[in-house]
Amino acid sequence: MILETERIYELETELADLNENNLLKPHGYQKLFVKLGDKHLSNIDINVDTTMENNLAWAFISISLEIVKPVEGIIKLIGKTWHSQRKGPFYRREYLFTDENGEILMKGASYSVLLDMEKRTIYRKKDTPFFISEPIEDFTIEAKANEKINLSFTKIDERIAHNSYIDCLGHVNNTRYDEFSYDVFTDKEVDNLKNLKRMDIYFKSELRKNDKFSIHKVYNGNSIYIRGENDTKEDISFDIAFTFNNI
């Protein structure tokens, strides 16, 4: 049996994910993590086709990533990912990206749950209707499934969840949250993207089509915190912390 850590994948950055300085936008990093995970889950037969047969779907609870070297331009990356931990319904997965010469560009971890698509609740049974391999406890970074952020945010923008935001699971796709957050970066913050060191994304509550939501922002040390509040449901949809080498 091939271990998860023995599988490698080639990926490539996309033109639309680069900003005017030829640097990868925040959602571009997240898209690479998601794309790597999707490729891998298809290879080990626990992708969306398999889960949906059982009325289940993988849903992110959090994604944390560290940028070792900023990704610039259209380049090829080599990716590896593996299941590293399970605690109750929470599954942790590691991600590692290098360039073609083996230099590490970024690394990170995600926490996911299986979502019951009919009840829209977390699947909490110990046994799953499909095989999931035992975790390989080799961790790339420190990461959490959740984080309580008690800061005084300022509202920056108000939006509506349009048709184009909705994915096959019936909610706003997770990569959109980074896009919403990047939209409220100042020009100075966009130019400082070369110093982005870490992103921590916490998915609190799903946004559905036509939900009204607002984007809030606050600074804390070398970090910019962005919060998405679902004004229709009156709850927090997501929190993202962007940490820079300097700000």
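All figures in this text were calculated on a predicted structure; none of them were measured in a lab.

Draft legend 1. The arrangement of the layout of surface pockets in detail. A volume near 240 Å³ is recorded for the second largest pocket. Along the wall of the second largest pocket there are 14 residues; nearest its centre are Lys144, Glu147, Arg198, Asp200 and Tyr202. Secondary-structure elements contributing two or more residues to the lining of the second largest pocket are strand S8 (196-203), strand S10 (223-230) and strand S11 (235-244). In terms of residue count, S8 provides more of the lining of the second largest pocket than any other element does, 3 residues in total. Broken down by class, the residue content of the lining of the second largest pocket amounts to 6 nonpolar, 3 polar and 5 charged.

Draft legend 2. Structural detail: the nonpolar core. Among the nonpolar cores identified, the biggest contains 41 residues, and Phe97, Tyr177, Phe180 and Phe242 are the most heavily contacted of them. Not counting the four nearest positions on each side in its chain, Tyr177 is found in contact with Val172, Phe203, Ser205, Glu206, Leu207, Ser237, Phe238 and Ile240. If you look at the next biggest cluster of nonpolar residues, it comprises 11 residues, including Ala57, Met117, Ile141 and Ala143.

Draft legend 3. View of the side chain of Ser223. Mapped onto the fold, Ser223 is located in strand S10. A polar contact of 2.8 Å, which involves the side chain of Ser223, links it to the side chain of Thr243. With residues near it in sequence (within four places) discarded, Ser223 still touches Val218, Phe242, Thr243 and Ile247.

Draft legend 4. How the structure looks around unusual backbone geometry. Unlike most non-glycine residues, Arg120 shows phi in positive territory, near 55°. Topologically, Arg120 is positioned in the loop between strand S5 (104-116) and strand S6 (121-122). Taking relative accessible area as the criterion, Arg120 reaches 25% and is therefore assigned partly exposed. Its identity as a non-glycine residue notwithstanding, Glu234 has a phi of 60°, on the positive side. Within the secondary structure, Glu234 sits in the loop between S10 and S11. For Glu234, a relative accessible area of 73% puts it in the exposed group.

Draft legend 5. The arrangement of the pairing of S8 in detail. With 7 of 8 residues buried, S8 lies mostly within the body of the structure. In this structure, strand S2 (residues 56-67) lies alongside S8, joined through 5 bridges in antiparallel fashion. When the bridges of S8 are listed, Leu65 appears paired with Met199. Across 7 bridges, the pairing between S8 and S11 is antiparallel. Opposite Asp200, over in S11, you have Ala241 as the bridge partner.

Draft legend 6. Examining the environment of Leu41 more closely. Along the chain, Leu41 turns up in helix H1 (residues 26-43). Here the alpha-carbon distance between Leu41 and Ser112, two residues 71 residues apart in the chain, equals 13 Å. When near neighbours in sequence (up to four residues on either side) are disregarded, Leu41 contacts Ile46, Asn47, Trp58 and Arg93.

The rules behind each value
Residues numbered from 1 in each chain as written. Predicted model: local features only at pLDDT ≥ 70, side-chain atom pairs only at ≥ 80, totals over all residues. Heavy atoms only, no water. 1 Å grid on protein atoms, 1.4 Å probe; cavity = no way out; pocket = protein on both sides within 12 Å on 5 of 7 lines; lining within 4 Å. Points joined across faces, edges and corners; volume = space filled by probe spheres on them. Helix = DSSP H or I, 4+ residues; strand = E, 2+ residues; numbered from the N terminus. Nonpolar A, V, L, I, M, F, W, Y, C, P; charged D, E, K, R; others polar. Core = buried A, V, L, I, M, F, W, Y, C linked by side-chain atoms within 4.5 Å. Buried < 20%, exposed > 50% of the residue type's maximum accessible area, 1.4 Å probe, protein only. Contact = heavy atoms within 4.5 Å. Polar contact = N/O pair within 3.5 Å; in protein donor to acceptor, adjacent residues only side chain to side chain. Pairing = 2+ DSSP bridges.

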